[in-house]
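# Chains, contacts and geometry: an overview
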Amino acid sequence: MTKRRILKLTGTDTTDFLQGLITNDVEKVENGMVYAAMLTPQGKYIADFFLTKSGDSILLDVAESHADTLKTRLMMYKLRADVTIEETHLFVHRGLDTPPPDAFADPRHPALGWRAYRPEAQQDDTVDWTALRVAHAIPETGIELTADSFILETGFERLSGVDFRKGCYVGQEVTARMKHKTELRKGLAQVTLDGPAETGTEISADGKPVGTLLSRAGNEALAYLRFDRASGEMTAGAATVRRST
């Protein structure tokens, strides 16, 4: 499971501060967990994360690999806002069974179960989270979600990670234009493979590049594809690839 870091944001301006920066409506934390991302002004991905209410504070759950970058960007925008950003000593716990009292439903898909934040590390994790992600086309930080990503191409709307009614945020103009004025020509897709191929292998068809192989679980995988070229039989290394969605 991807290592996570939990930050705590406190202060009278916390909600307004986040509202002007992230892709989802911060006020939804009053009703449960919120999934969102922070973007560059050009609409490119910086980091994705979960938000939950914790007393008068908001907890922010982000991949360890992207935590420093996100924290630096938040501090850059903070200026004189009454917001304090602190590290915590909490750990993410996840499960698929009946949610415990301190848990929040994962907002991306019901199949992903629940998340909770506790002071001790989770010791037993027997769930194949990669297989679950692949089965439901859930992108992962640093694999499907990279600095080159546009969030609509990675399924953020389907994953309840963007709100088109909340108003302005950094990168909102590009995201809204992709939603309303263009048809997505590239993006995340599920594929079936026959043969060996590693994450990051180029996918080609008729000798032309059509995408990149990403997370794999058995014979199923996620891939970033050019939809106009990704039809019929494709190849990735020694593997035969077919689009399954």
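For the structure, check the block above.
Notes on the structure follow.

The rules behind the values
- Residues numbered from 1 in each chain as written.
- Predicted model: local features only at pLDDT ≥ 70, side-chain atom pairs only at ≥ 80, totals over all residues.
- Heavy atoms only, no water.
- Pairing = 2+ DSSP bridges.
- Helix = DSSP H or I, 4+ residues; strand = E, 2+ residues; numbered from the N terminus.
- Buried < 20%, exposed > 50% of the residue type's maximum accessible area, 1.4 Å probe, protein only.
- Axes fitted to C-alpha atoms, helices over the stretch in contact; angles between N-to-C directions.
- Contact = heavy atoms within 4.5 Å.

## Concerning the sheet that holds strand 6 (residues 91–95)
Ordered by their spatial adjacency, three strands build an open sheet running 6-8-7, and the pairing between neighbours is antiparallel. With partners counted over all chains shown, the strands left at the sheet margins are strand 6 and strand 7 (104–105), one partner each. Both strand 6 and strand 8 (residues 114–118) contribute to a ladder of five bridges, which runs antiparallel. Looking at the pairing, Gly95 lines up with Trp114 of strand 8.

## Quick look at unusual backbone geometry
The backbone of Ala137 shows a phi angle near 55°, a positive value even though the residue is not glycine. Within the element layout of this structure, Ala137 appears in the loop between helix 3 (129–136) and helix 4 (172–181). For Ala137, a relative accessible area of 11% translates into the label buried. Despite not being glycine, Asp206 shows a phi value in the positive range, around 55°. Within the secondary structure layout, Asp206 lies in the loop between strand 10 (202–205) and strand 11 (208–217). What makes Asp206 exposed here is its relative accessible area of 81%.

## With respect to the sheet that holds strand 3 (residues 45–54)
Read across the sheet, five strands follow the order 2-3-4-1-5 without closing on themselves; strand pairing throughout is antiparallel. A strand with exactly one partner marks an edge of an open sheet, and here the two such strands are strand 2 (34–39) and strand 5 (84–87). Adjacent strand axes in the sheet meet at a mean angle of 30° when their direction is disregarded. As paired elements, strand 1 (residues 4–10) and strand 5 share four bridges and run antiparallel to each other. Bridged to Thr10 within strand 5 is Thr84. Across the sheet, helix 2 (residues 64–78) lies against strand 1, strand 2, strand 3, strand 4 (57–63) and strand 5, angled at about 135° from strand 4, the strand it touches most.

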